[in-house]
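Below are the chains, spelled out letter by letter.
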Amino acid sequence: MSLFNQYILCNRKCSGFFQWIGLNIPSVIDKTLLKFTASAIAAFTVISAGILYSLKGTDTAAGTFSGMGIAGLPHAMIYAFITTALSEEILFRGFLLKRLSGKFGFPVGNLVQSILFGLLHGVMFCSLINSVKIVLITAFTGLIAWCMGYVNEKKAGGSIMPGWIIHGIANLFSAAVSMFCVIN
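Now for a description of the structure that goes with this document. (Residues numbered from 1 in each chain as written. Predicted model: local features only at pLDDT ≥ 70, side-chain atom pairs only at ≥ 80, totals over all residues. Heavy atoms only, no water.)

**Focus: the packing of aromatic side chains**
Scanning all chains against the criterion turns up seven aromatic pairs. One aromatic cluster is present, formed by Phe17, Trp20 and Phe95 through successive ring pairs. The ring of Phe117 is capped by Arg93, whose NZ or CZ atom sits 4.4 Å from the centre of that ring. Cation over ring: Arg99 sits above Trp20, and NZ or CZ is 4.0 Å from the ring centre. (Phe/Tyr/Trp six-rings, centres within 6.5 Å; stacked < 30°, edge-to-face > 60°. Lys NZ or Arg CZ within 6 Å of the ring centre and 35° of its normal.)

In structure tokens, the structure reads:
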């Protein structure tokens with residue numbers, strides 16, 4: 001077994017699975033972490049509004065809640081925070097980023113996980129929209145992933161909680177636009 005694999009296994013065994021993937025409360029919650037998280041939420045919400053407008057008439061995951069109004073809120077919250085945000089944060093920032101950073105360093109690990117995250121979101125629209133919008137979605141979601149990786153690892157001590165909150169709020173915003181504005 002390689003030294004790297006021994007290190008990863010020891011870290012997982014020594015810290016427990018949830019700690020190993022970053023599903024824990026940040027070790028330090030300070031003004032800087034709160035500012036980064038709040039700024040990311042504000043910036044991504046504004047940019048998301050523009051992207052959602054450009055996708056008007058396109059079938060999106062949040063479109064499931066189209067026209068539901070407040071009645072769709074419980075389902076939208078489960079979709080936003082559990083179904084998509086939690087699973088994607090565990091995979092991309094909790095697993096991939098941590099493993100890639102351990103092997104190649106944080107800058108490379110964060111870049112690779114953000115590119116993969118962006119590509120995943122861009123590929124979902126390949127048959128639905130033109131290539132300019134696909135590139136826009138890929139770049140935007142990749143940028144979000146890079147920022148969440150930075151916040152999680154550099155400001156929250158490896159916890160994926162800030163990224164989960166940012167991601168969940170972004171997804172909830174998309175669902176709320178669909179619930180109240182009937183964008184599809």
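**Quick look at the environment of Leu86**
Within the secondary structure, Leu86 sits in helix α4 (residues 73-104). For the pair Leu86 and Leu52, spaced 34 residues apart in sequence, the C-alpha to C-alpha distance is 22 Å. (Helix = DSSP H or I, 4+ residues; strand = E, 2+ residues; numbered from the N terminus.)

**So, the nonpolar core**
Core analysis: the biggest nonpolar cluster contains 13 residues, and Phe44, Leu55, Phe125, Ile129, Ile137 and Ile166 have the highest contact counts within it. With five residues, the single largest contributor to this core is helix α6 (residues 131-155). The residues touching Ile166, leaving out its near neighbours within four places in the chain, are Thr37, Ala40, Ile41, Phe44 and Met148. With eight residues, the next largest nonpolar core counts Ala62, Phe65, Tyr79 and Leu172 among its residues. (Core = buried A, V, L, I, M, F, W, Y, C linked by side-chain atoms within 4.5 Å. Buried < 20%, exposed > 50% of the residue type's maximum accessible area, 1.4 Å probe, protein only. Contact = heavy atoms within 4.5 Å.)

**Things to note about the pattern of salt bridges**
A full pass over the atoms with the stated rule returns two salt bridges. Between Glu89 and Arg93 there is a salt bridge whose closest N-O contact spans 2.6 Å. One end of the pair, Glu89, and the other, Arg93, are both in helix α4, four residues apart, so they sit about a helical turn from each other. Side by side, Glu89 and Arg93 carry an identical accessibility label, which is buried. (Salt bridge = Lys/Arg side-chain N within 4 Å of Asp/Glu carboxyl O.)

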